[in-house]
Structure formats: structure tokens, C-alpha cells
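Notes for the structure review
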Amino acid sequence: MHNRSLIWVASLLVAMLVAACEKPSPGYNKGYMPTQPLPYDHSLHAGDYKIPCLYCHAQADKSRHATVPTLNICMNCHKSVAVNSPHIKKLTEAYNNDESIPWVKVHMLPDFVHFPHNAHIKKLANGSKAPEEVKQACFQCHGKIDQMTEVFQTKDLSMGWCLECHRKPESNGPQNCSACHY
Ligand code: HEC
Ligand code: HEC
Ligand code: HEC
Ligand code: HEC
Ligand code: HEC
């Protein structure tokens with residue numbers, strides 16, 4: 001190999017290493033499970049108590065972003081439920097001070113990718129708003145959230161992953177670049 005190509009290969013490796021060390025890098029973070037500021041448990045709320053996904057993620061079937069619930073949703077119950085728990089005391093204090101809980105985002109796409117939740121949920125839940133069908137739609141991309149004590153990323157969120165589903169005849173999702181890229 002010529003010296004020049006050796007240098008080129010070396011600098012490419014350095015660039016890849018630098019990219020791999022940037023944290024948190026969007027996409028490809030399969031298994032990513034950041035520690036949250038409060039031990040909110042989906043397996044308890046969405047699993048044992050069967051609170052529907054859309055009760056808390058109310059925008060998921062209406063807009064591009066699913067959004068994380070505001071504290072007044074939590075306080076619908078926690079004004080009276082588990083009030084002596086130190087975690088619920090912290091929650092109540094934040095609520096009374098008009099503060100929010102700084103939840104750490106788990107799933108992240110790069111800014112140049114367009115992903116609308118609403119279109120996906122409508123199609124994947126066959127137009128139904130029934131909690132069970134909506135939940136099954138969520139599971140296709142997020143895994144069995146109702147069994148998770150802490151949320152983690154189950155898919156790699158790569159372009160190949162998006163296209164694999166879009167190519168299925170029953171999905172008929174768009175494959176043209178401009179559908180997903182600005
Ligand atoms: C077709 C795949 C897919 C389905 C179905 C899906 N999601 Fe998502 N979800 C994603 C992706 C991709 C992201 C990251 C989006 C980003 O960073 O722009 C995400 C992000 C989120 C977030 C973080 C906030 C946000 O909007 O970025 C929440 C909360 C969420 N999803 C909840 C849900 C719920 C609840 C359902 C079912 C009602 C659901 N998702 C269905 C792929 C999906
Ligand atoms: C529909 C009612 C309901 C809603 C809404 C709700 N919770 Fe809960 N939550 C419960 C119940 C029931 C328990 C179990 C209480 C027990 O075991 O004594 C619980 C337990 C908890 C606990 C564990 C308390 C402890 O230390 O034992 C935390 C933390 C918590 N919830 C946080 C939240 C947060 C954050 C929200 C809003 C995003 C929320 N909850 C919304 C009903 C609810
Ligand atoms: C009682 C309220 C509540 C219910 C019910 C609920 N969630 Fe959540 N969800 C939250 C809160 C609070 C967070 C942010 C903290 C965390 O990540 O654990 C969250 C985070 C998430 C995330 C990660 C968002 C991100 O940062 O990328 C996904 C995905 C998600 N929920 C999906 C679901 C699905 C699917 C269901 C139904 C099976 C569901 N949730 C039911 C309150 C709720
Ligand atoms: C589990 C299957 C599945 C996965 C995974 C998936 N999609 Fe889709 N997507 C669909 C289906 C089905 C449609 C068609 C929706 C319709 O007909 O309204 C669609 C439609 C779309 C649309 C067009 C929405 C509209 O308003 O017409 C965009 C943009 C899109 N997807 C982006 C993405 C991106 C970006 C990803 C990956 C991060 C992704 N999708 C992953 C199933 C999926
Ligand atoms: C269904 C949605 C979807 C479609 C259609 C799509 N992309 Fe992507 N693309 C993504 C997502 C999600 C990412 C970010 C994750 C990744 O890099 O794999 C991405 C990343 C990229 C990147 C950056 C790769 C990198 O390593 O940083 C390029 C370049 C790209 N796409 C080009 C294209 C071109 C060209 C087309 C049309 C032939 C296309 N995309 C069609 C979803 C899509």
C-alpha cells in the first residue's frame with residue numbers, strides 16, 4: 001500500500017472513532033437505557049394497572065411528536081396515591097413549584113430525518129383508538145414497554161430498519177428520499 005492511502009485509511013479510522021465517541025449519538029443506540037431522574041415504572045402503570053398509552057402520551061396519534069406527560073397527569077392520581085413515598089413527595093414538590101421533571105430522552109433520530117407518529121399509529125392500529133390495538137402499534141417500534149421497569153431502546157432506528165417495514169406490501173410506506181429527508 002502507498003503511504004498516501006495509508007494516511008487516508010488512518011484518518012478515516014480516526015474520524016470513525018471520534019464519531020463513535022460522541023455521546024449520545026442519534027440512532028443506532030440499541031439497548032440505550034439512560035437513568036431517569038425519578039423511578040417511573042411502565043411495567044407498574046401500563047402493565048399492572050393497564051393505564052392506556054394515550055392517557056399519558058396523548059399527542060402520539062395526533063401529531064408528529066408523542067410527547068412525555070406533564071405533571072398534572074401524574075397528579076390526577078398522585079394527589080392521593082402513594083403520597084408518603086419520597087419519590088411522590090419529590091413529584092408533588094415539583095408540581096407545586098410549577099417545575100417539570102427533566103426526563104432523559106431515550107429515542108433520538110438525527111435532525112435531518114422526518115418521522116411523524118400520528119400517521120404511523122393510525123395505520124398500524126388500523127384506525128382504532130382501542131388501548132390494546134394502539135399498544136400493539138407502539139410495540140412494533142418500541143418493544144414491550146408495558147413490561148419495562150426502565151425504558152430502553154429495542155430497535156436500532158436505522159434507515160434500513162425504517163425501509164424494511166415500509167417495503168412490506170401491507171405497510172406500503174414511502175421509500176422516496178424526500179418522504180423522510182428534508
Ligand atoms: C413506526 C415506529 C413507531 C411507532 C409505531 C411508535 N413510535 Fe414512538 N418513536 C419512534 C421513533 C423513531 C422515535 C424517535 C423520534 C425522534 O427522535 O424524532 C420515537 C419517540 C417516541 C417518544 C419520545 C418523544 C418523541 O415524540 O420523540 C415517545 C414518548 C414515544 N415515541 C411514544 C410512543 C407511543 C406511546 C407509541 C404508540 C401510541 C409510539 N411511540 C409508536 C418510533 C415509533
Ligand atoms: C391512573 C393513576 C396513576 C397515574 C396517572 C400515575 N400513577 Fe404513579 N402510581 C399509581 C399507583 C396505583 C402506584 C402504586 C402505588 C403503591 O404501590 O402504593 C403508583 C406508583 C408510582 C411510583 C412509585 C411510588 C413508590 O415510591 O412506591 C412512582 C415514582 C410513580 N407512580 C410516578 C408516577 C409519575 C411520574 C406519573 C406521571 C407520569 C404517574 N406516576 C402517574 C397510579 C398512577
Ligand atoms: C402514567 C403515564 C404513562 C403511561 C400510561 C405510559 N407512559 Fe410512556 N412514558 C411516561 C413517562 C413519564 C416517560 C418518561 C420517563 C421514561 O422514559 O421512563 C415515558 C417514556 C416513554 C417512552 C420513551 C420516550 C423517549 O424518551 O424516547 C416510550 C417509547 C413510551 N413511554 C411508550 C409508552 C407506551 C408504548 C405506553 C403504553 C404501553 C406508555 N408509554 C404508557 C409516562 C407514561
Ligand atoms: C413497523 C413498520 C414501520 C416502521 C418501522 C417505520 N414505518 Fe414509516 N410508515 C409505516 C406505514 C405503514 C406508513 C404508511 C402510513 C399511511 O399510509 O398513512 C408509513 C409512512 C411513513 C411516512 C409518510 C407519512 C405520511 O404522512 O404520509 C414517513 C415520513 C415515514 N413513514 C417515516 C418513517 C421513518 C423515518 C421511519 C424510521 C425511523 C419509519 N417510518 C419506520 C410503517 C413503518
Ligand atoms: C423511511 C424513511 C427513509 C427513507 C425513505 C430514506 N431515508 Fe435516509 N435515513 C433515514 C434515517 C432514519 C436515517 C438516520 C439513521 C441512519 O443513518 O441509518 C437516514 C440516514 C441517511 C443518510 C445519512 C447516513 C449516515 O451515515 O449519516 C443519508 C446520506 C441518507 N439517509 C440518504 C437517503 C437517500 C439518498 C434516500 C433515498 C434513496 C433515503 N435516505 C431514503 C430514513 C430514510
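Report follows, based on the coordinates.

Rules used in this analysis
Residues numbered from 1 in each chain as written. Chains lettered and ligands numbered in written order. Predicted model: local features only at pLDDT ≥ 70, side-chain atom pairs only at ≥ 80, totals over all residues. Heavy atoms only, no water. Donors = N, O, S within 2.8 Å, 3.2 Å for Na, K, Ca; no water. Tetrahedral: all angles 85-135°; square planar, octahedral: opposite > 155°, others 65-115°. Helix = DSSP H or I, 4+ residues; strand = E, 2+ residues; numbered from the N terminus. Buried < 20%, exposed > 50% of the residue type's maximum accessible area, 1.4 Å probe, protein only. Near = heavy atom within 4 Å. Polar contact = N/O pair within 3.5 Å; in protein donor to acceptor, adjacent residues only side chain to side chain. Nonpolar A, V, L, I, M, F, W, Y, C, P; charged D, E, K, R; others polar.

1. Some words on the coordination of the iron atom of ligand 4
Within the first shell, the iron atom of ligand 4 binds the protein through His-120 (NE2) and His-166 (NE2), at distances of 1.9 to 2.0 Å. The coordination sphere of the iron atom of ligand 4 comprises 6 donor atoms, whose angles at the metal cover 88 to 179°; the geometry is octahedral. Taken together, the residues His-120 in helix α6 (residues 117–124) and His-166 in helix α8 (residues 159–166) connect sequence positions 46 residues apart. Judged by its relative accessible area of 23%, His-120 falls in the partly exposed class. Since its relative accessible area comes to 13%, His-166 is described here as buried.

2. Quick word on the coordination of the iron atom of ligand 2
The protein atoms that coordinate the iron atom of ligand 2 are His-45 (NE2) and His-78 (NE2), at distances of 2.0 Å. Given 6 donor atoms and angles of 88 to 180° at the metal, the environment of the iron atom of ligand 2 is assigned as octahedral. A residue pair is termed long-range when its members are at least 10 positions apart, and His-45 in helix α2 (residues 42–48) and His-78 in helix α4 (residues 71–78) qualify at 33 residues. You can call His-45 buried: its relative accessible area is 18%. The class of His-78 is buried, set by a relative accessible area of 13%.

3. Examining the site of ligand 3
In the vicinity of ligand 3, 20 residues are found, and the nearest of them are His-42, Cys-53, Cys-56, His-57 and His-107. Between ligand 3 and Val-106, the relevant distance is 2.8 Å, taken from an oxygen atom to a main-chain nitrogen or oxygen of the residue. When residues of the shell around ligand 3 are traced back to their parent elements, those giving at least two are α2, α3 (53–56) and α7 (131–142). Here the shell around ligand 3 gets 3 residues from one element, more than from any other, and that element is α7. Here the residues of the shell around ligand 3 sort into 13 nonpolar, 5 polar and 2 charged.

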